[in-house]
Structure formats: structure tokens, C-alpha cells
Amino acid sequence: MTRRLAEVAKKVGVSEATVSRVLNGKPGVSDATREAVLTALDVLGYERPSQLRGDRARLVGLVLPELQNPIFPAFAEVVGGALAQQGFTPVLCTRTVGGVTEAEYVDLLLQQQVSGVVFAGGLYAQADAAHGHYELILERKLPTVLVNAAVEHLGFPQVSCDDTVAAEMSLAHLRALGHERIGMVLGPADHMPSRRKLAVFLSSGGDPELVEQTMFSLEGGHAAAARLVRRDVTGIVCASDLLALGAVRAARRAGLSVPEHVSVIGYDDSALMNCTDPPLTTVRQPIDAMGRAAVDLLVAQIGKAAVPADELLFEPELVVRSSTARA
């Protein structure tokens, strides 16, 4: 700290006491001197104190639930690139079990005076989760965008892949292949995208006894699909690629082959799904378009434009590979 004061004071030609007053926001310094000190900080490569960053901070929080699911690093890459093109720097915040919570990350981001936040796969998608930190963001009027379906009472702009269309595509594909006994492996009961997929399944005549809800993980998919396999399903629609890979493993552990005995469909089309055994049929989220749209909505808010709290729905794409076949 002393070395920094001395270097900045020498650069500007003022006393270290003057530099200290500027850094601590104290009065008694002319505007010209204050600006010269801040410019010297930038030139010398020192970080400004958070309260003095103003628009120069240009930081945007990117809050993700995890990085083990390949779809989230892919989304981070798209959003990070789009933010950089707009002159912003992403601050990656990833929740871990027993680590920093989403609410704690929000507190940290507010302390850093970020320009805005993009959430993907956050607690806003769980109806039974705590949402107090989102209400705090609303109170602070911090520009924010949510990616994929959220509970209804939150007033943020959203960018979502159309879960209804995704479920319709998956079910239509299996039924066209002659499958009649189709099961679903979804996320937790309060997960909004899973609720949307479930509504399509039930409204199209799906058997509620062939629905399993679990945590989003390979192990969760394995356990849920194992129960469906024991009920003699011939096709399984999953709410993520990781769940689908778990379903493939469950079928094989039961002595069945995919797709000869059981067809499996995933969701996301995350990295390497064309390299699995068998290559996974899945529903692709348009991550590039969604990520760019999320950044555009955020930058518009930062620029004080009026952005309605609507949900932009993006069309998914069914990618047919080798994990599905005729019943």
C-alpha cells in the first residue's frame, strides 16, 4: 500500500497524503487532481477502489450452478465472448456443495459494484427455493437477465429454450419409431423447465406412472432410469444429457442394449454427445443465440433502456443420432 501511494504520488507530482485522500474518498482535493490520481492508478496497473470505479469497472457477474455439466462452460464461453465485445468483463461465480451460495455470490457482486448479472440454471428455476437475493437485486435496480424458465413472481427479462417444443419433439420422435411405453426422467418436482416438459407428457397421453424426478446428475439419471427399465419402458426422454447418459448406463446394467431394447433421448446437446457410445440423440439448446440475446438484453438495461420483463423463447432442434431406434 505504501509503495502504491509513493508511486502514484510521484507520477502525479502530489503528496502521498493527497493520494490517500483520493483513494479514501475524502474531501479537500480538486477535481483535476482527483482525476489525475485515478488516471495514474490505471496507467500504473493498480486496481481502483470499488467505490471509485464507476463505469470503468465494467464488470458483469455470470452465476452458474456448476461446471461439470458441459452445457454451462459452453454457455459461459458464449456470454464471456459477447460481453468482451461490448467492453465488459465477466466475473464467473459457480456454486459448489458446501461452498459459496448463490445469495452469497450476489452479496459479493453487489459489493464489487458490478454493472449487471446474468444467471443460468439458478435458484430462480426452483419454486421451493429461497428467492430473497433476487428481491434484493430488484430493489437495487441492478440490470439482470435470467436464462431458462423462472418462477412467475420474479420480474426479470428471461431468455429461454422452449421446453414445451423440446418435449413435443422428443415424444413425437419416439412415437414415430413405434414406441408406446415411454418414460421421462426429469429434474426435481419444483424445477420449472421440468414442470413444462411434464405438462406436455401428461397432456399428450403419457402415463404418470412412467415419470421419475431426480437430481441433475449422472447418478440421478441412472437411479431414475433403472426404476423405469423395471417397468418395461422402451423409450426414455431425459431433461439433460447427463441424465440421459445415466439412463444408458442403467439400461446396460439391466442387461439391455441401447437402442436395441431401450431408446434414450437427452436434452442440451452438450459437448461430446456425438462421441458417446452410442452417440446420443438429444434436443439442442441454441446456446449461441441465447447467450448473445442475454448479453444484448443486459447491455440495454445498463444503458438505461426500457427492457420489459418478458421471456424470449428460442426454438430447440432435435439432433437424431444412434441412441434411438424402432421399438
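Going by the structure above, here's the rest.
Computed from a prediction, not measured in an experiment: that's the story for all the values here.

Okay, the sheet that holds strand 3 (residues 116–120) next. Read across the open sheet, the six strands follow the order 2-1-3-4-5-11; overall the sheet is parallel. The sheet is open, and its two edges are formed by strand 2 (89–94) and strand 11 (311–314), each paired on a single side. If you compare each strand with its neighbour and ignore which way they point, the axes differ by 20 degrees on average. Here strand 3 pairs with strand 4 (residues 144–147) via four bridges, running parallel.

Moving on, we get to the pairing of strand 3. Counting buried positions over the five residues of strand 3 gives five, a clear majority of the element. In this structure, strand 1 (residues 59–64) lies alongside strand 3, joined through four bridges in parallel fashion. Of the residues in strand 3, the one forming a bridge with Gly61 is Val117. Handedness of the β-α-β unit built from strand 3, helix 6 (residues 132–140) and strand 4 comes out right-handed.

On the basis of which strands lie adjacent, the open sheet formed by six strands has the order 7-6-8-9-10-12 and mixed pairing. Looking at which strands have only one partner, the edges of the open sheet turn out to be strand 7 (211–213) and strand 12 (317–319). The average angle at which neighbouring strand axes cross in this sheet is 20 degrees, direction not considered. With four bridges connecting them, strand 6 (residues 182–186) and strand 8 (residues 235–238) associate as parallel partners. Bridge pairing in strand 8 places Val185 opposite Cys238.

Turning our eyes to something else, we now look at the packing of helix 7 (residues 163–176) against helix 8 (residues 192–203). With their axes 8 Å apart at the nearest point, helix 7 and helix 8 run at an angle of 45 degrees to one another. One element, helix 7, and the other, helix 8, form an angle in the oblique class. The interaxial crossing formed by helix 7 with helix 8 has right-handed handedness. For the pair helix 7 and helix 8, contact is made by Asp163, Thr164, Ala167, Glu168 and Leu171 and by Pro193, Arg196, Lys197, Val200 and Phe201, respectively. Of the residues belonging to the contact of helix 7 with helix 8, the class tally is five nonpolar, one polar and four charged.

Moving on: the nonpolar core. With 55 residues, the main nonpolar core has Phe75, Phe119, Tyr124, Val147 and Val159 as its most contacted residues. Elements with a minimum of two residues in this core: strand 1, helix 4 (71–85), helix 5 (102–111), strand 3, helix 6, strand 4, strand 5 (158–161) and helix 11 (287–302). No other element matches helix 11, which puts nine residues into this core. With sequence-adjacent residues up to four places away left out, Val147 is seen in contact with Phe75, Val118, Phe119, Ala120, Gly121, Tyr124, Val159, Met290 and Ala294. Counting residues in hydrophobic clusters, the runner-up holds 34 residues, among them Val200, Leu228, Ala239 and Ala250.

What follows concerns helix 1 (residues 2–12). One full turn of an α-helix is made of 3.6 residues, so residues set three or four places apart face in the same direction. All buried positions along helix 1 are accounted for by Arg4, Leu5, Val8 and Ala9. Buried residues in helix 1, looked at end-on, bunch into an arc of 125 degrees, giving them a common side. More than 90 degrees from the buried face of helix 1, the exposed residues found are Thr2, Arg3, Lys10 and Lys11.

Before going further, it helps to spend a moment on unusual backbone geometry. A cis amide bond links Val258 to the next residue, Pro259, at an omega of 10 degrees. Looking at the element boundaries, Pro259 is found in the loop between helix 10 (241–253) and strand 9 (263–268). Omega for the bond connecting Asp277 with Pro278 falls within 30 degrees of zero, at -5 degrees, which places this linkage in the cis form. By the secondary structure assignment, Pro278 is in the loop between strand 9 and strand 10 (281–284).

Axis separation between helix 5 and helix 6 bottoms out at 9 Å; the angle between their running directions is 25 degrees. On the basis of the axis angle, helix 5 is roughly parallel to helix 6. Crossing angle aside, the handedness with which helix 5 passes helix 6 is left-handed. Contacts from Glu102, Ala103, Val106, Asp107 and Leu110 of helix 5 reach helix 6 at His133, Tyr134, Leu136, Ile137 and Arg140. Tallied by class, the residues present in the contact of helix 5 with helix 6 amount to six nonpolar, one polar and three charged.

Criteria and thresholds
- Along each chain, numbering runs from 1 in the same order as the chain's sequence is written.
- Local features in this predicted model are restricted to residues of pLDDT 70 or higher, and side-chain atom pairs are both shown and tallied only at a pLDDT of 80 or more, whereas totals for entire chains, interfaces and linings draw on every residue.
- Hydrogens are left out, water is left out, and the side-chain values use all remaining heavy atoms of the structure.
- A pair of strands is labelled paired if DSSP reports no fewer than 2 bridges between them.
- Working definition: helices are DSSP H or I runs of at least four residues, strands are E runs of at least two. Numbering for both runs from the N terminus.
- Angles shown run from 0 to 180 degrees and are taken between the N-to-C directions of axes, each axis being a line fitted to C-alpha atoms and, for helices, limited to the stretch in contact.
- The buried label goes to any residue with under 20% of its type's maximum accessible area, the exposed label to any with over 50%, and the partly exposed label to all in between, with areas taken from a 1.4 Å probe on protein chains only.
- We call a crossover right-handed when, viewed with the strands running away from us, the connection from the first strand over the helix to the second turns clockwise.
- Our angle categories are set so that under 35 degrees counts as roughly parallel, over 145 as roughly antiparallel, 65 to 115 as roughly perpendicular, and the remainder as oblique.
- For a crossing to be left-handed, the near helix must be turned anticlockwise from the far one by less than a right angle; the clockwise case is right-handed.
- We call two residues in contact when some of their heavy atoms are within 4.5 Å.
- Under the scheme applied here, ten amino acids are nonpolar (Ala, Val, Leu, Ile, Met, Phe, Trp, Tyr, Cys and Pro), four are charged (Asp, Glu, Lys and Arg), and all others, including Gly, are polar.
- In this description, a nonpolar core means a group of buried Ala, Val, Leu, Ile, Met, Phe, Trp, Tyr and Cys residues linked to one another through side-chain atoms lying within 4.5 Å.
- As used here, the arc is the angular range of directions from the helix axis to the C-beta atoms.

Distances and angles like these do not, on their own, reveal function.
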